[in-house]
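Structure assessment
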Amino acid sequence: MKALRPDHEAERHASDAGPPSSPPESDRPERRTDTDFYVVGVGASAGGLDAIEKLFRSMPERSGMAFIVVQHLSPDFPSHMAELLGRHTTIPIRPAQHGLEIEPDAIYLTPPGKEMILSGGRLLLTDKSREHSLTHPIDQFFRSLADDRGRFAIAVVLSGTGSDGSRGVQHVHDGGGLVMAQAPESAQFDGMPRAAVATTVVDVSVPPEAMHEVLVSYVEGALSPKQLAEQEVPPTSESVDRVFELLRSDFELDFSHYRPTTVGRRLHRRLTLHGDADVETYLERLADDPEERAALYRDLLIGVTRFYRDSEAFDSLRRNWLRELLARDRSVSEIRAWVAACATGEEAYTLAMILQDEIDQVGHDVDFKIFATDVHRSSLTVAAAGLYSEEQVAELPPGMRERFFRKEVDGFRVATDLRRKVVFAPHNLLHDAPFTQLDFISCRNLLIYLQPAASKKVLGLFHFGLRPGGALFLGPSESPGDLADEFSDIDKRWRIFRKRRDIRLPTDASFPLPSVTQPVPRASVRPEWQQARSTERHLLSVYDTLLAQYLPAAFLVDESARLIHSFGGAERYLQMPPGRPTSSLLDLLPPGTRAPLSSAIQHALRDGTSVRYTGLRLAEPEGRPAQLDLVVQCIRSPSTHDRQLLVKLEPRDPSPTAPIPIDVDLDEASRDRIQTLERELAATHENLQATVEELETANEELQATNEELTASNQELQSTNEELHSVNEELYTVNVEHQRKIAELSDLTTDMENLLESTEVGVVFVDRDLRIRRVTPALADEFRILPSDIGREIEVLFEQLSDPHLTDAVRTTLRDGDTTEREVQSRSGAP
């Protein structure tokens, strides 16, 4: 982000350089008047309280902007937002009222149970409809903001689930206003920020604590959104290389394999936070400030994780891999897993809880060990401690927190028995050797940040570390890429794969990668490696010779009939079809073999046995016809349980003198047989026709049912969205109440400390004149014990000389008047 100068400073510099050229009409800022101040609409939902506090914490008191906060608030609970936000800003906070005229340098809050728009510079409120709980108050306000303020409108989308705000920001953009969104990775709930960014109209996306600088610069500089967006200068390759060198010298980690877009976004974020003019200025700061280098290092690592992230994915993992593993092989005594890029450990502990819970349910005597690794040592320290806040463990399934965590003063700590089964260690995926003999590897949302060569190398290491049949768990936007043929799908949606076989991968997928910022050295191949590869080539040549001599003409195909290998000269029967090339054996053999081959493959896969078809006619390369037997044999791998098929073409051994008949004369019996078959065929045709009519009738009924189900599904979706909206409102109320409870706890503690430290004797009673609390001075004087709390006050008054004191207390309690009396204890003390 370039430095933005106020108007008067810009004019002074312009006068030094001569008369400026006129900007295009579309980019020229409009002249502001006293009433044309900027109005900032802030939309937030679940998790938005923290983001709103960060936004206003550094906002200047006199910015010239009016702020209107629109949240998803429950109409059934009061909001404490004004009180909570008032502790973080000096800007006046006002509850929105119907017809209230807005003024700059003020914050307006939407009250619960109301929907609000801006019209003519005034706030207009209406009651929220209870019949239609699914509303989009942020979209509605943004539309009115764009219509009322034009280019003086600013829309800010903060944390929240769903997509509220994504439609309204387009109106603000079309009206010439500024659109900002919280950086999704900094949001507690990133649904709303991501939906806004997906519209492509967001001008700036930064964390909430950095928004005040952007807003002030935008308003004081009188820039258009386009001009503001042009301030973002992409870093040059030389400057990025210099950043990498600084980080590599401090942290021994090479970021040159990260995608340039990822690095550019992170650098721009740090530039915005510090207000540096360009990357070169930021480089000077980076070279002189080790704390900034540490901050950039943390930002580039992108440590985003939580317990049971994508709970449906973990349910699928449990259902489709873990239970199958435990049911398939009763001899399994230990499960070895690796969670790469584990950050602060939530995902590793989630996997541990799932493994332990499933093993307990099955009742097997199975142990497990999880290796959790990351390059960020501070994150590993947090993970190894296993201590998490109440908010972090809030999303655990019912019963998991009580079973696997222990409550402590500072939060919840993972149970010792579970923690011992997770080993945390520093590990660099691009340079360190992988763990081996693993049943499971999880590496989610890391590969999307790596360049293709680095991603391929990491996948190669994962393939090397897995046992045949082991599972690989990737992020929703990741895939095995070039190694897709080496993995079969367990769950396509959640990117869970199974290793098919043990195979040596190409060199570029298994050897360490050099830094892309340095010239790639020539590979020095050791003589023993050359000898090993030469021996391997020799053995493969011998194997091919033996197969050609002793195996009949045959093809090896997979379950989809794709050709893997041919033996015994069987390739002479293949014919390349016109058009696009194919590897399907069904298309490569002559057309007459397609039906029997397809049928044989289906039978072999279904029954798991060999299937033979006799009398298959094929033409030899010389042109003479040949009569063959088609044999399809199912072969199952004992390690991966994958199935292949061996398709053999075995020649029959007719007499050399007996020519193979091509045409046959039909006798009378054959003609009778044909007529019988024709009659049966006609009857079958009639039956099929009747069946088709019945199916058509049934299809019409199913279509009607489908329409009803579609309508019901739409109603259920609407209901689900309404419940989702209500849930967001309750979440916001819950966060406010939690903050309020924390404040009340602090006040209670302060009051207790005051009462304990004072020397004045005070007793507190309830409406039934039962003792609630006494100060230490009074307790010592009258020997009040903790067991006396809750007893009637007569216990205390029995030691005083005034017998009517109890009546006086009741009168004061009833009338609310203050009564003063001087009494003495029976011991004579006043």
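Before any of the text, the structure's been laid out above.
Described in the following lines is the structure provided in the data block. (Residues numbered from 1 in each chain as written. Predicted model: local features only at pLDDT ≥ 70, side-chain atom pairs only at ≥ 80, totals over all residues. Heavy atoms only, no water.)

**As for the sheet that holds strand E19 (residues 487–491)**
Applied cut-off: Here the rule is simple: two strands pair whenever DSSP picks up at least two bridges between them. In this text, helices come from DSSP runs of H or I with a minimum length of four residues, and strands from runs of E with a minimum of two, each type numbered from the N-terminal end. Axis definition: a line fitted to C-alpha atoms, limited for helices to the stretch in contact. Angles are taken between N-to-C directions and run from 0 to 180 degrees. We call two residues in contact whenever any of their non-hydrogen atoms come within 4.5 Å of each other.
Spatially, 7 strands are ordered E16-E12-E11-E17-E18-E20-E19 in an open sheet, and the strand pairing comes out mixed. Unpaired on one side and paired on the other, strand E16 (422–426) and E19 mark the two borders of the sheet. Averaged over all pairs of adjacent strands, the angle between strand axes in this sheet comes to 20 degrees, irrespective of strand direction. Bridge analysis of strand E18 (residues 466–474) against strand E20 (residues 496–499) gives 3 bridges, and the strand direction is antiparallel. Residue pairing across strands places Leu472 opposite Phe497, the latter belonging to E20. Strands in contact with helix H13 (residues 311–328) are strand E11 (334–339), strand E17 (438–443), E18, E19 and E20; relative to E20, the strand with the most contacts, it is inclined by about 25 degrees.

**Focus: the sheet that holds strand E4 (residues 100–101)**
Within the open sheet, the 3 strands sit side by side as E4-E7-E6. Their pairing is antiparallel. Looking along the sheet, the strands with just one partner apiece sit at the ends: E4 and strand E6 (114–119). Pairing of E4 with strand E7 (residues 122–127), which is carried by 2 bridges, proceeds in the antiparallel orientation. Across the sheet, residue Glu101 finds its bridge partner in E7, namely Arg122.

**What to know about the side chain of Gln356**
If you trace the backbone, Gln356 turns up in helix H14 (residues 346–362). Gln356 has contacts with Phe368, Arg403, Phe404, Leu418 and Lys421, leaving out every residue within four places of it along the chain.

**Topic: helix H18 (residues 452–465)**
Stated precisely, the cut-off is as follows: Helix span, expected: 1.5 Å multiplied by one less than the number of residues in the helix. The buried label goes to any residue with under 20% of its type's maximum accessible area, the exposed label to any with over 50%, and the partly exposed label to all in between, with areas taken from a 1.4 Å probe on protein chains only.
The end-to-end C-alpha separation of H18 is 20 Å, in line with the 20 Å expected for 14 residues at 1.5 Å each. With 10 of its 14 residues buried, H18 lies for the most part within the structure. When H18 is considered as a whole, its buried residues turn out to be Ala454, Ser455, Lys457, Val458, Leu459, Gly460, Leu461, Phe462, His463 and Gly465. Where H18 is buried, its residues contact E11, E17, E18, E19 and E20.

**Focus: the packing of aromatic side chains**
Inclusion rule: The rule is short: rings of Phe, Tyr and Trp, with Trp giving its six-membered ring, pair when the centres are within 6.5 Å, and they are stacked under 30 degrees, edge-to-face over 60, tilted in between.
Enumeration over the complete set of coordinates arrives at 14 aromatic pairs. Residues Tyr38 and Tyr218 carry aromatic rings whose centres are separated by 5.5 Å and whose planes lie at 65 degrees to one another, so their mutual orientation is edge-to-face. Placement of Tyr38 in strand E1 (residues 38–44) and of Tyr218 in helix H7 (residues 211–221) is noted, with a sequence separation of 180 residues between them. Residue Tyr38 shares its accessibility class with Tyr218, and that shared class is buried.

**Here we look at the side chain of Ser166**
The cut-off we apply is this: Polar contacts, as counted here, are pairs of nitrogen or oxygen atoms within 3.5 Å of one another; within protein the pair requires one atom able to donate a hydrogen and one able to accept it, and residues that are adjacent in sequence qualify only if both atoms are side-chain atoms.
Looking at the element boundaries, Ser166 is found in the loop between strand E8 (153–157) and helix H5 (168–174). For Ser166, a relative accessible area of 9% puts it in the buried group. A distance of 2.7 Å separates a polar atom in the side chain of Ser166 from the backbone oxygen of Ser163. Beyond its immediate sequence surroundings of up to four residues, Ser166 is in contact with Asp139, Ala195, Ala196 and Thr199.

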